[in-house]
Amino acid sequence: MTPLKPWLLATALGLLFADILAVVLLQMGGLALRRPVQRAARAAGAVALGVMLAHALPNQAEAQLTPGVREPVTMSAKDWLAVKATSKVTFGYVLTGDPETDEISRAGLLGLGKVLTLRTAVEPGEPIGVNIVEDEIAFFPILYWPVPENASTLPEETLAKIDAYMKQGGMIIFDTRDFGKGVPLGFSLQSGGDTALQRLLGRLDIPRLEPVPDDHVLTKSFYLLRTFPGRWDGGQLWVEAGMNNSLDGSRTARRADGVSSILVTSNDFAAAWAMDERGRPLYPTVPGGESQRELAYRTGINIVMYALTGNYKADQVHVPALLERLGQ
């Protein structure tokens, strides 16, 4: 049997160094770096947990297969999901039951992951398909959810799980993939309509939505963007309405740092991101061709950076005033 003590000590030492690094960065960078460092620390903890589980569980299983030691034990599906989802930053996609749609989601997130690895410091693991009713979703910073036309209302327990996921910092991208039809201004999922998305989430507590404002962090979290195309162009990207734009002022973005926990698009992001094993695009981008695909990749990168770093870019506006106050 492999002892766990060395792995636990190594993990504790790694977390100690991460904590020291975080303190140094905060002292050097000021308050503007606080949220990204906190998010990085949480990510480091999740990765450390994944490493511990990845080394501990298989070794225990091997030891238990040794004659005369214990009865054979295999890793459960839930344990496997936890290990794989926390070993790296991992994106999930909701399984729809349609093999073609699910494969597009997988290929799309895989392609976006390759672009992220080439252009940023984010190196995602292989995306994981999620059964939204049965599987745990708390491990994923982002869930991509293609909405089928025949979507039906979800069970109450599943709605509660989704609500908790978004309130605790998760982000869900709902993609209706309906060729840029979009949704009305001030769109609310509780409006009693009969769209696929409303049938799917009509009983979920979601605030009002608005098109991405010109000064929103999504327009500048990595690239400077004005539009957010996917395979199609022309559909809006919708986010939670901010304090100044909410009609009744009672519902603003869920997260304490103001980051929208829900994005809604009709532009079919995954199909634009999808690549084959050689890195070649799988689907045409209409009507803008490869220049539109490049914008789709940039959109995906901005979404990931927005989800992982929060309103860091917006906070930079206040840096001079903060430094002046600290100097006093």
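This report concerns the structure included in the present document. Since the model is a prediction, treat every value here as computed from it, not as a measurement.

1. Concerning the packing of helix α4 (residues 99-119) against helix α8 (residues 289-309)
Alright, step 1. Following both chains from N to C, one finds α4 and α8 inclined at 75°, their axes separated by 10 Å at the closest point. Considering the angle they form, α4 stands roughly perpendicular to α8. Residues Leu112, Val115, Leu116 and Arg119 of α4 touch α8, and the partners they reach there are Glu294, Tyr297, Arg298, Gly300, Ile301 and Val304.
Alright, step 2. Of the residues that constitute the contact of α4 with α8, the class distribution is six nonpolar, one polar and three charged.

2. Observations concerning the side chain of Asp276
Alright, step 1. Structurally, the position occupied by Asp276 is in the loop between α7 (269-273) and α8.
Alright, step 2. Sequence-distant contacts of Asp276, that is, excluding residues within four places in its chain, are made with Lys114 and Leu282.

3. With respect to the packing of aromatic side chains
Alright, step 1. Counted by the stated rule, this structure contains four aromatic pairs.
Alright, step 2. Here Tyr144 and Trp273 contribute two aromatic rings whose centre-to-centre distance is 6.2 Å and whose plane-to-plane angle is 50°, an arrangement assigned as tilted. Taken as a pair, Tyr144 in strand β3 (residues 142-146) and Trp273 in helix α7 lie far apart in primary sequence, 129 residues in all. A single burial state applies to Tyr144 and to Trp273, both of which are buried.
Alright, step 3. A centroid spacing of 5.5 Å and a plane angle of 25° characterise the contact between Phe269 and Trp273, whose relative ring orientation is stacked. A residue pair is termed a helical-turn pair when its members lie 3 or 4 positions apart in one helix, as Phe269 and Trp273 do in helix α7 at four residues.
Alright, step 4. A residue is classified by how much of its surface remains accessible, and Phe269, at 0% relative accessible area, is buried.

4. Some points on the nonpolar core
Alright, step 1. In this structure, Leu218 and Leu263 are the most contacted members of the largest nonpolar core, which totals 36 residues.
Alright, step 2. Ranked by the residues each element gives to this core, the list is headed by α8, at eight residues.
Alright, step 3. Residues within four places of Leu263 in sequence aside, it is in contact with Met171, Ile172, Ile173, Phe174, Leu218, Leu237, Trp238, Val239 and Ile303.

5. Let's talk about the pattern of salt bridges
Note that side chains of opposite charge can pair when their charged atoms are close.
Alright, step 1. Evaluated as defined, the whole model comprises seven salt bridges.
Alright, step 2. One salt bridge connects Arg203 with Glu156, and the closest N-O pair in it is separated by 2.4 Å. Of the two residues, Arg203 is situated in the loop between α6 (196-201) and β5 (209-211) and Glu156 in helix α5 (residues 156-167); the sequence distance between them amounts to 47 residues.
Alright, step 3. The network of salt bridges with shared partners includes Arg119, Glu294 and Arg298.

6. Overview of the environment of Ile172
Alright, step 1. Here Ile172 lies in strand β4 (residues 171-175).
Alright, step 2. Taking C-alpha positions, Ile172 is 5.9 Å from Tyr144, a pair spaced 28 residues apart along the chain.
Alright, step 3. Excluding residues that lie within four positions of it along the chain, Ile172 makes contacts with Leu143, Trp145, Ile162, Tyr165, Met166, Ser261, Ile262 and Leu263.

7. Topic: unusual backbone geometry
Alright, step 1. A cis amide bond links Val286 to the next residue, Pro287, at an omega of 5°.
Alright, step 2. In this model, Arg177 sits at a positive phi of 55°, which is unusual for a non-glycine residue.
Alright, step 3. Position of Arg177 among the secondary structure elements: in the loop between β4 and α6.
Alright, step 4. Backbone geometry at Asp268 places phi at a positive 60°, although glycine is not the residue there.
Alright, step 5. With respect to the helices and strands, the residue Asp268 is situated in the loop between β7 (262-265) and α7.

8. Looking at the environment of Ser152
Alright, step 1. By the secondary structure assignment, Ser152 is in the loop between β3 and α5.
Alright, step 2. Overall, the relative accessible area of 49% leaves Ser152 in the partly exposed class.
Alright, step 3. Between the C-alpha atom of Ser152 and that of Ala196, which follows or precedes it by 44 residues, the distance is 7.3 Å.
Alright, step 4. Not counting the four nearest positions on each side in its chain, Ser152 is found in contact with Arg199 and Leu200.

Conventions and cut-offs
- Residues numbered from 1 in each chain as written.
- Predicted model: local features only at pLDDT ≥ 70, side-chain atom pairs only at ≥ 80, totals over all residues.
- Heavy atoms only, no water.
- Axes fitted to C-alpha atoms, helices over the stretch in contact; angles between N-to-C directions.
- Helix = DSSP H or I, 4+ residues; strand = E, 2+ residues; numbered from the N terminus.
- Parallel < 35°, antiparallel > 145°, perpendicular 65-115°, else oblique.
- Contact = heavy atoms within 4.5 Å.
- Nonpolar A, V, L, I, M, F, W, Y, C, P; charged D, E, K, R; others polar.
- Phe/Tyr/Trp six-rings, centres within 6.5 Å; stacked < 30°, edge-to-face > 60°.
- Buried < 20%, exposed > 50% of the residue type's maximum accessible area, 1.4 Å probe, protein only.
- Core = buried A, V, L, I, M, F, W, Y, C linked by side-chain atoms within 4.5 Å.
- Salt bridge = Lys/Arg side-chain N within 4 Å of Asp/Glu carboxyl O.

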